[in-house]
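Here is what each chain is made of, one letter per residue.
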Amino acid sequence: MPTAKVKKNLVIVESPHKAKTIEKYLGRNYHVIASKGHVRDLPKSQMGVDIDNDYEPKYISIRGKGSTIKELKAEAKKAKNVYLASDPDREGEAIAWHISHILGLDPKDMNRVAFNEITKDAVKAAFKEPRAIDMNIVDAQQARRVLDRLVGYSISPILWSKVKKGLSAGRVQSIALKLVIDREKEILNFVPQEYWTISSTFKKAEQKSTFNGDFYGLAGKKIDLNNNDDVKKILAKIDKKQPFEVTQVIKKERKRQAAAPFTTSTMQQEANKRLGYRTHRTMRIAQSLYEGINLGKGSVGLITYMRTDSKRIANVAKQEAADFIKSEFGDAFAAHNPKNFKNDGDAQDAHEAIRPTSAFRTPESIKDYLTPEEYRLYNLIWSRFIASQMNAAIYDTVRADIVQNDVTFRTTGSKLKFSGFTKVYDSNSEKNKDLPELVEGELVDLVKMSTDQHFTQPPARYTEASLVHTLEENGVGRPSTYAPTIDTIQKRYYVKLEGRSIVPTELGEIVNKLIEKFFPDIVNVDFTAQLENDLDSVEVGKKDWVKIVDAYYQPFSEELAKADDQMEKIQIKDEDAKFDCEVCGAPMVIKLGRYGKFYACSRFPDCRNTQAITKKVGVVCPKCGKGDIIEKKSKKNRKFYGCSNYPDCDFVSWDQPIARTCPNDGHFLVQKKTKKGLLVLCPNGDYREDQEESN
């Protein structure tokens, strides 16, 4: 007789890539398949929330997921047991709950498995302790989803009718937009304040080496120099031919501690600053590292779960890090009492901080298995974690006051005594600043002195990194929301990127003004932060999700009625383009579209001719000699330069060509902006000159 086929345990995860890795770890008695994210959600065609019936959500199967749902049901029917192993966060818990509903499982069954890292030990340990679906976590996710739907599907139609189609508003995205616009207003309204500095160079008698000092004050009291008259009064007190006296020397030892391992937001910030990665790119790469990379002997998860605001590290990971540090650098570098980094006030502690799954898996040892971007991000995560478990860097510092006629100059120096964590990761590179041995009472000579006028600078525009930091600092949003929020305000063309700076558009300013006027709570940082705290309370079972939603929606519904009645229709006027349509001869106009301004025929829709708005740089194309060089944007919004006669002429350059040729080989020259001004160079490397940038 044929042997009966042994039933396997079915494990359902979110990602197909993760499924392969986990099945390998669990062995032959398990079959692992993927739901490929959510399988049920609110319908796109309608609100999908029954406001009159405790805000009950109307879930439907997501379009396009039919075959996946069919596979899940078929596999579940023949399985011995079904385990739900979606991601260990709110979204993952909700996905597990939705799958249990589709498969007819009881949410109280002990079939929910969650792990913070995809390693053999972590996965096997998690399957030894399955639990029931946590409905408090599911309710917190439902509350957020329902609130976002109520806000988005209520305000967006009003914006469509009053402004233009394709617009949207949301709780977190509206605050992110307001932050960007408020910063732009600060910059525009900024009034520079004048201030001056006096810098001097000194030397000890009979020594050639010199050292610098800066004006501090009079008679030991700090004084600000607000104008040139203040400077003249100080200079009048100084006799340049007479020596200065060293009146005070203070020597100290200073310790600099390592930063905590990464949370989602700090990872996004550092990846943006150090690697130039945008938030969504960072999360995409981190997802890949978490789900697993094939290292030659099968796939393994390289980092812990990447959506977290906790700084906590598991004891076993601390011990492994200590062992690695001792073996690689010596006992003196390993922190003798492993650090417990304090979480921010509203941080959730469900997961660890982001760390490598093995301290001994160094970036260099697996570099050949990673793409360049994976290697760079893994190196950042690994280095930050290892550094967090190392001893402080120690500096010998000295501060000296140098005085003549009560005029005090101050000089400082520092020297690295013990490198500590900076051996691995230094987020604030600090160079040695050597001073000669100074003794109180000795005299030093003035070599030269200079005065400089300065003006205070306006605050910098937000970058993706600094915007994420501000959102987190204000308690707005959670780790999973930062990247999609920044993506959304760019896709709606409420903001645009200039280099790394986020700049509001005219459309963004119009929408923000309306939201501020008619829906003030939505852009109130404190109000939204409190709502986030309320959702966290739902997650731990302290508050009821329906009551939270109702308390938010009732005043919001009154604002909706007022906005629908009182918001005036805004006509975004077309500007005269000052040239005629090449198709029909009618005047062309400048229109504001979803992706910015463009030229369009004024006879639209009878004539649908459009053109992109281009900016000429005043240079004839060096390749064809006929077209103009114009600014263009790549799909990734990076500026480059091309010929206006494209596609007949395919000239392109990342650097701006100028109307001069190289004196050495006749090639066209390009210019680059630097901190000091403009750098003019030949692409062939035969010529280079520095210029001051004209105002």
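Residues numbered from 1 in each chain as written. Predicted model: local features only at pLDDT ≥ 70, side-chain atom pairs only at ≥ 80, totals over all residues. Heavy atoms only, no water.

- The protein chain goes by DNA topoisomerase 1 in an unreviewed UniProt entry, where it is assigned to Lactobacillus iners DSM 13335.
- Regarding the protein chain, the relevant UniProt record gives this comment under Catalytic activity (unreviewed entry): "ATP-independent breakage of single-stranded DNA, followed by passage and rejoining."
- Its UniProt record, at the heading Subunit (unreviewed entry), says of the protein chain: "Monomer." (UniProt positions renumbered as here; feature names shortened; annotations may be inferred.)

## Digging into helix α1 (residues 16-26)
Line of reasoning, step 1. All of the buried residues along α1 are K18, A19, T21, I22, Y25 and L26.
Line of reasoning, step 2. Two residues or fewer after α1 comes G27, characterised by a positive phi angle close to 95 degrees. (Buried < 20%, exposed > 50% of the residue type's maximum accessible area, 1.4 Å probe, protein only. Helix = DSSP H or I, 4+ residues; strand = E, 2+ residues; numbered from the N terminus.)

## Some words on the pairing of strand β20 (residues 587-593)
Line of reasoning, step 1. Counting buried residues along β20, five of its seven residues qualify, which places the element largely inside the surrounding structure.
Line of reasoning, step 2. Relative to β20, strand β19 (residues 575-580) is paired through three bridges, and the arrangement is antiparallel. The residue of β20 that forms the bridge with E575 is I590.
Line of reasoning, step 3. The antiparallel hairpin formed by β19 and β20 contains six residues in its connecting segment, where G585 sits at a positive phi of about 85 degrees. (Pairing = 2+ DSSP bridges.)

## Topic: the environment of P16
Line of reasoning, step 1. For P16, the position within the fold is in helix α1.
Line of reasoning, step 2. For the pair P16 and A34, spaced 18 residues apart in sequence, the C-alpha to C-alpha distance is 5.1 Å.
Line of reasoning, step 3. Ignoring anything within four residues of it in the chain, the contact list for P16 reads A34 and K36. (Contact = heavy atoms within 4.5 Å.)

## Here we look at the packing of helix α15 (residues 525-539) against helix α16 (residues 545-566)
Line of reasoning, step 1. Following both chains from N to C, one finds α15 and α16 inclined at 165 degrees, their axes separated by 10 Å at the closest point. One element, α15, and the other, α16, form an angle in the roughly antiparallel class. The chirality of how α15 crosses α16 is left-handed. Across the interface between the two elements, F527, L531, D534 and V538 from α15 touch W545, I548 and Y552 from α16.
Line of reasoning, step 2. In terms of residue class, the contact of α15 with α16 is built from six nonpolar, no polar and one charged. (Axes fitted to C-alpha atoms, helices over the stretch in contact; angles between N-to-C directions. Parallel < 35°, antiparallel > 145°, perpendicular 65-115°, else oblique. Left-handed = near helix turned anticlockwise from the far one by under 90°. Nonpolar A, V, L, I, M, F, W, Y, C, P; charged D, E, K, R; others polar.)

## Here's the deal with the side chain of R149
Line of reasoning, step 1. Secondary-structure assignment places R149 in helix α5 (residues 135-162).
Line of reasoning, step 2. Lacking a salt bridge, the buried R149 has D41 as its closest oppositely charged neighbour, with an N-O distance of 5.3 Å.
Line of reasoning, step 3. Within polar-contact distance, the side chain of R149 engages the backbone oxygen of Q46 at 2.9 Å.
Line of reasoning, step 4. Among all residues touching R149, those that are not within four sequence positions of it are L42, P43, Q46, M47, V49 and S154. (Lys, Arg positive; Asp, Glu negative; His and termini not counted. Salt bridge = Lys/Arg side-chain N within 4 Å of Asp/Glu carboxyl O. Polar contact = N/O pair within 3.5 Å; in protein donor to acceptor, adjacent residues only side chain to side chain.)

## A word on the sheet that holds strand β25 (residues 639-643)
Line of reasoning, step 1. Sheet architecture is open: four strands sit in the order β23-β24-β25-β26, paired in antiparallel fashion. Pairing within the sheet leaves two strands with one partner each, and these edge strands are β23 (615-620) and β26 (652-653).
Line of reasoning, step 2. Sheet analysis places β23 next to strand β24 (residues 628-633), joined by three bridges and oriented antiparallel. Across the sheet, residue K615 finds its bridge partner in β24, namely E631.

## Brief notes about helix α10 (residues 315-329)
Line of reasoning, step 1. Helix length check: α10 (15 residues) gives 21 Å between terminal C-alpha atoms against 21 Å at 1.5 Å per residue, within 8%.
Line of reasoning, step 2. Of the positions making up α10, those classed as buried are A317, K318, A321, A322, F324 and I325. Taken end-on, α10 shows its buried residues confined to a sector of 165 degrees, consistent with a single buried face. The exposed set on the far side of α10, more than 90 degrees from its buried face, consists of N315, V316 and S327.
Line of reasoning, step 3. Its buried side turned inward, α10 meets α11 (372-388).
Line of reasoning, step 4. Just past α10, the residue G330 takes up positive phi, approximately 110 degrees. (Expected span 1.5 Å × (residues − 1). Arc of directions from axis to C-beta.)

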